[in-house]
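# Analysis of the macromolecular model
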Amino acid sequence: QVQLVESGGGLVQPGGSLRLSCAASGSTFGIRGMAWYRQAPGKQRELVASITPGGTTDYADFGKGRFTISRDNAKNTVYLQMNSLKPEDTAVYYCNARIRGSSSGDWADYWGQGTQVTVSS
């Protein structure tokens, strides 16, 4: 059974930094794209950043120059380094990954449980 477990959220002052981590555990027979999404109260979930197995990255406009996504394929882990945080970055952050859970199984999208990021003075 595949699980994505996130960590690293918390309360930070404006201008501060946080690093989120998300590790895939269980039966993983391959991981394709990995990504971070966020959802603020009353808003739809939105893509923050994505990364391919080869390391090609893509960012939402609000994160360019401030956020950095990376992954460690040996550890089945994706990271999100967030710098120069703003109050409008406050949201629950979710990791997402496309994973094959068995040697003969199909690829499927998995989600983490979410980690709260609050930017406030």
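Here, the structure is the one placed above.
Scoring rules and cut-offs
- Residues numbered from 1 in each chain as written.
- Predicted model: local features only at pLDDT ≥ 70, side-chain atom pairs only at ≥ 80, totals over all residues.
- Heavy atoms only, no water.
- Pairing = 2+ DSSP bridges.
- Helix = DSSP H or I, 4+ residues; strand = E, 2+ residues; numbered from the N terminus.
- Axes fitted to C-alpha atoms, helices over the stretch in contact; angles between N-to-C directions.
- Buried < 20%, exposed > 50% of the residue type's maximum accessible area, 1.4 Å probe, protein only.

## Quick notes on the sheet that holds strand β3 (residues 18-25)
Spatially, four strands are ordered β1-β3-β8-β7 in an open sheet, and the strand pairing comes out antiparallel. Each having just a single partner strand, β1 (3-7) and β7 (67-72) make up the two edges of the open sheet. Shown here is a sheet whose adjacent strand axes are inclined to one another by a mean of 15°, direction ignored. Pairing of β3 with strand β8 (residues 77-82) involves six bridges; the strand directions are antiparallel. The partner of Leu18 across the bridge, within β8, is Met82.

## Notes on the pairing of β7
Alternating positions in β7 separate cleanly, Phe67, Ile69 and Arg71 being buried on one face and Thr68, Ser70 and Asp72 remaining unburied on the opposite face. In terms of strand pairing, β7 meets β8 through six bridges, oriented antiparallel. Counterpart to Ser70 in the pairing with β8 is Tyr79. Where β7 folds back on β8, the antiparallel hairpin that results is connected by four residues, among which Asn76 adopts a positive phi of roughly 55°.

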